[in-house]
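Spelled out, the chains give:
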Amino acid sequence: EQSTKPVDSLTPPPVGDSDLASVQAPAVVLPVHEVIKLEKNLAQLGFFTPSTKKIKSAKEKTTTIVTTVDGKKIEATATIVPSAKYGLPITADQDTLLAIMKIATDLRQQYGKLPPNPISFTSAELFRIQGKSAQGKHYRDLAEQLLRIRSTGIESHGAVYLSTKKTFAVDSFGVLDRVVMFGQELENGTVADKNYVWLAEWLRANIDANHVLPLDYELYKKLTTHIGKALAPLLQIWLYASVEDGRF
């Protein structure tokens, strides 16, 4: 039997509560960005030189930083002093340290602060964080990268901030105090089943005091140029410092 009621094509049929879910727009799921915490001094001192090749000819590299203290501009310098054997730290070494900072960030979230030294990890774990395959070349490169970071010194003339003393240091120090690779002997006589790194005490103290810079790690890993990777943390510092001016 056909209905004799007129049909208004512009009027939608009544919708009950059970029907609302089916007509609502689907929820937008935003990508989760993996954020790591990078110690601020390392981000702005130019510790890592953007380069594809090893740099063994340079005896040192000096960075000048202008800071404002109590309304006065103060010029400070930091000199990166490489070892004769390994040369200046480069972009690939920064990639490795950032992967270690990813592990350190996870440990801080788990325990509330960094656990005591050392930080341990397998080579395969670090490669997975970096998005690399476990190839023989990568194992050899990792050992040299860690030793290059370990053997490089920083001479600070008012450029490195120390959270424990709340002052800018006039001192010399390193980033890693010690490196023990898989298969080497530990102090207790056992053979290392992982890689172990000892973060320098000033670095640990600054990380625990939250003197860190949040860095979008997933975005960083998508960068393909060495200068881009060097600028990523610097841009974040510069943009934050100049946010009121709207430029840097």
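Heads up: the structure comes first, above all this text.
These figures come from a predicted structure and were not determined experimentally. (Residues numbered from 1 in each chain as written. Predicted model: local features only at pLDDT ≥ 70, side-chain atom pairs only at ≥ 80, totals over all residues. Heavy atoms only, no water.)

Pulling in residues and values, what's your account of the sheet that holds strand β4 (residues 119-121)?
Spatially, β4-β8-β7 is the arrangement adopted by the three strands of the open sheet, whose pairing is antiparallel. The sheet is open, and its two edges are formed by β4 and β7 (176-180), each paired on a single side. On average, each strand axis in the sheet is tilted by 15° relative to the strand beside it, whichever way the strands run. Bridge analysis of β7 against strand β8 (residues 195-199) gives four bridges, and the strand direction is antiparallel. By the bridge assignment for β8, Val179 is matched with Val197. (Pairing = 2+ DSSP bridges. Helix = DSSP H or I, 4+ residues; strand = E, 2+ residues; numbered from the N terminus. Axes fitted to C-alpha atoms, helices over the stretch in contact; angles between N-to-C directions.)

Would you mind going over the packing of helix α3 (residues 91-111) against helix α5 (residues 136-151) in detail, with residue names and values included?
One can describe the packing of α3 onto α5 by two numbers: an axis separation of 9 Å at closest approach and a directional angle of 85°. Classified by the interaxial angle, the pair formed by α3 and α5 is roughly perpendicular. Of the residues in α5, those touching α3 at Ala92, Asp93, Thr96, Leu97 and Ile100 are Leu142, Gln145, Leu146, Arg148 and Ile149. Here the contact of α3 with α5 is composed, by residue class, of six nonpolar, two polar and two charged. (Parallel < 35°, antiparallel > 145°, perpendicular 65-115°, else oblique. Contact = heavy atoms within 4.5 Å. Nonpolar A, V, L, I, M, F, W, Y, C, P; charged D, E, K, R; others polar.)

Provide a residue-level description of the layout of surface pockets, including the pertinent values.
Over the atoms, a rolled probe matching the size of one water molecule traces out where space is still vacant. Of the volumes computed, that of the second largest pocket is approximately 290 Å³. Lining the second largest pocket we find 18 residues, and of these Ile90, Ala92, Lys137, Asp141 and Gln145 sit closest to its centre. Sorting the residues of the lining of the second largest pocket by element identifies α3, α5 and α8 (226-241) as the ones contributing at least two each. By residue number, the principal contributor to the lining of the second largest pocket is α5, which donates six residues. Considered class by class, the residues forming the lining of the second largest pocket number two nonpolar, six polar and ten charged. (1 Å grid on protein atoms, 1.4 Å probe; cavity = no way out; pocket = protein on both sides within 12 Å on 5 of 7 lines; lining within 4 Å. Points joined across faces, edges and corners; volume = space filled by probe spheres on them.)

Give me the lowdown on the nonpolar core, citing residues and values where you can.
Grouped together as the largest cluster of nonpolar side chains are 54 residues, with contacts concentrated most on Ile154, Val175 and Trp202. In terms of residue count, α3 provides more of this core than any other element does, eight residues in total. What Ile154 contacts, discounting residues up to four positions off in sequence, is Leu42, Leu45, Phe47, Thr79, Ile80, Val160, Asp171, Ser172, Phe173, Val175 and Trp202. (Core = buried A, V, L, I, M, F, W, Y, C linked by side-chain atoms within 4.5 Å. Buried < 20%, exposed > 50% of the residue type's maximum accessible area, 1.4 Å probe, protein only.)

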